[in-house]
Amino acid sequence: MSTMKAWQFHGASGSIEKTLVQPEGGVPRPMPTATEVLVEVSSTTLNPIDFKILELGTISKLIFRKPVTPGLDVCGRVVEVGSNVSSFHVGDLVFGCVDGVFGNGALAEFVQVSQDKLALVPEGLNPDDLGAITTVGLTTYQAMKPFVKPGDRVFINGGSGGTGVLAIQIAKALHLHVTTSCSTGNIELCKSLGADEVLDYKTSSVVTQLESLGKPFNLIVDNVGNPSNLYRASNKFLAKDGAFVQVGLGMDFSALKQFLGNMLLPGYLGGGRAKYVFAITKPNAVDLKQLASWMEAGKVKSVVDSVWAFEDAREAFARLKTGRARGKVVVRVKKA
């Protein structure tokens, strides 16, 4: 049986950068099913879900009963196709999504991917760049698309992180007026990506600043989950028919309490009055092609914080967990 290198989490307690290991002798190389392709991974990017759910201690042990490989985003070359695959051929350079810790993770030399969760990398584009926009791009696009029309106003809470840098650009590609928040040192980054207004959360409360703007937003996209009262306070600066989409949220009891309160507490008891939606990414080829098209046109670009060698994956996770990454943390598995 052919083997490959892969990083795996074995369900031990502790931080992922200390418990992630490469099994000696490798792990079995996967085989694609009839509707899958096997991709030789060139790069993957790390997302908070890759470590947050694995670091839940006892809960993670109950969820995952065998070693799991993280990594939701994949970019690489097709080396094998299933019998019912017609959209891709051996040698194609592709990008897309895998199941990560819930199935097949991309932090490995090879990964099998469903054909409907992939798209071709357009000629001339950098594979790392496509991998760096996959999950965050899909999440952001799907969080905004159903709720806005050209000319609408959107507030993006957290504009300089891995999700926020894509959210700003996709909002502009959708012809929206963009207000975002970030720390003082990232104001120019957010402006360079197209933000019309930038709120510095270091200077005063984001809620106070939003109230002072005077114009209601049609949509709020919260990538942070902080301030925790943002949704409940949004009655004062979100249009009556507007929506509040939660993208980022912590994995502790406080965050769970906040989420349940936002979902269940009615407005007359102090809850928010607007539509509250928790963003769930739905990988599909149509939306992936839209992201690639925007990249070809120069409307969307990746923002990469750092690129790490495959052997340094644990250090890459440590960088992501600082919360100070400006853009995406990329792990280079093999040159495409």
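Read on for a plain summary of the structure. (Residues numbered from 1 in each chain as written. Predicted model: local features only at pLDDT ≥ 70, side-chain atom pairs only at ≥ 80, totals over all residues. Heavy atoms only, no water.)

## Regarding the pairing of strand β6 (residues 73-81)
Note that strand β5 (residues 36-46) and β6 share six bridges and pair antiparallel. Its bridge partner lying in β6, E40 is registered against R77. Judged from the five bridges that link them, β6 and strand β7 (residues 93-97) form a sheet pairing that is antiparallel. For C75, the partnering residue across the bridge sits in β7 and is F95. (Pairing = 2+ DSSP bridges. Helix = DSSP H or I, 4+ residues; strand = E, 2+ residues; numbered from the N terminus.)

## A closer look at helix α7 (residues 206-213)
Every buried residue belonging to α7 is among V206, V207, Q209 and L210, and all of these are buried. Each buried residue of α7 sits inside an arc of 165° when the element is viewed along its axis, so together they form one side. Looking at the buried side of α7, the elements it contacts are β10 (153-157), β11 (177-182), β12 (197-200), β13 (217-222) and α8 (230-233). Regarding α7, its N-cap is S205, as a side-chain oxygen of that residue lies 3.2 Å from the backbone nitrogen of V207 further along. In the segment just after α7, G214 is the residue with positive phi, at about 90°. (Buried < 20%, exposed > 50% of the residue type's maximum accessible area, 1.4 Å probe, protein only. Arc of directions from axis to C-beta. Contact = heavy atoms within 4.5 Å. Polar contact = N/O pair within 3.5 Å; in protein donor to acceptor, adjacent residues only side chain to side chain.)

## Quick notes on the sheet that holds β12
Reading across the sheet, the six strands line up as β12-β11-β10-β13-β14-β15 and stay open at both edges, with parallel pairing between neighbours. Of all strands in the sheet, those with a lone pairing partner are β12 and β15 (275-278), marking the two edges. Taken over all neighbouring pairs, the strand axes of this sheet differ in orientation by 15° on average, direction set aside. Pairing of strand β14 (residues 238-246) with β15 involves four bridges; the strand directions are parallel. Looking at the pairing, A243 lines up with K275 of β15. Across the face of the sheet, helix α5 (residues 164-173) comes into contact with β10 and β11 while running at roughly 170° to β11. (Axes fitted to C-alpha atoms, helices over the stretch in contact; angles between N-to-C directions.)

## Quick word on helix α10 (residues 285-296)
The terminal C-alpha atoms of α10 lie 16 Å apart, and with 12 residues this matches the ideal 16 Å at 1.5 Å per residue to within 8%. When we look at burial in α10, the residues that qualify are D287, L288, L291, A292, W294 and M295. Axial view of α10: buried residues confined to an arc of 160°, hence all on one face. In α10, the exposed positions angled more than 90 degrees off the buried face are occupied by V286, K289 and E296. Buried residues along α10 sit in contact with β7, β9 (118-120), α4 (127-144) and α5. Its side-chain oxygen placed 3.2 Å from the backbone nitrogen of V286, N284 serves as the N-cap of α10. Count one or two residues on from α10 and you reach G298, which has phi positive near 80°. (Expected span 1.5 Å × (residues − 1).)

## Points about the environment of V74
Tracing the backbone shows V74 in strand β6. Judged by relative accessible area, which is 1%, V74 ranks as buried. C-alpha separation for the pair V74 and T45, spaced 29 residues apart in sequence, amounts to 7.5 Å. Those residues within four positions of V74 in sequence are excluded, and the remaining contacts are V39, V41, S43, V94, F95, G96, C97, V98, A106, V111 and V113.

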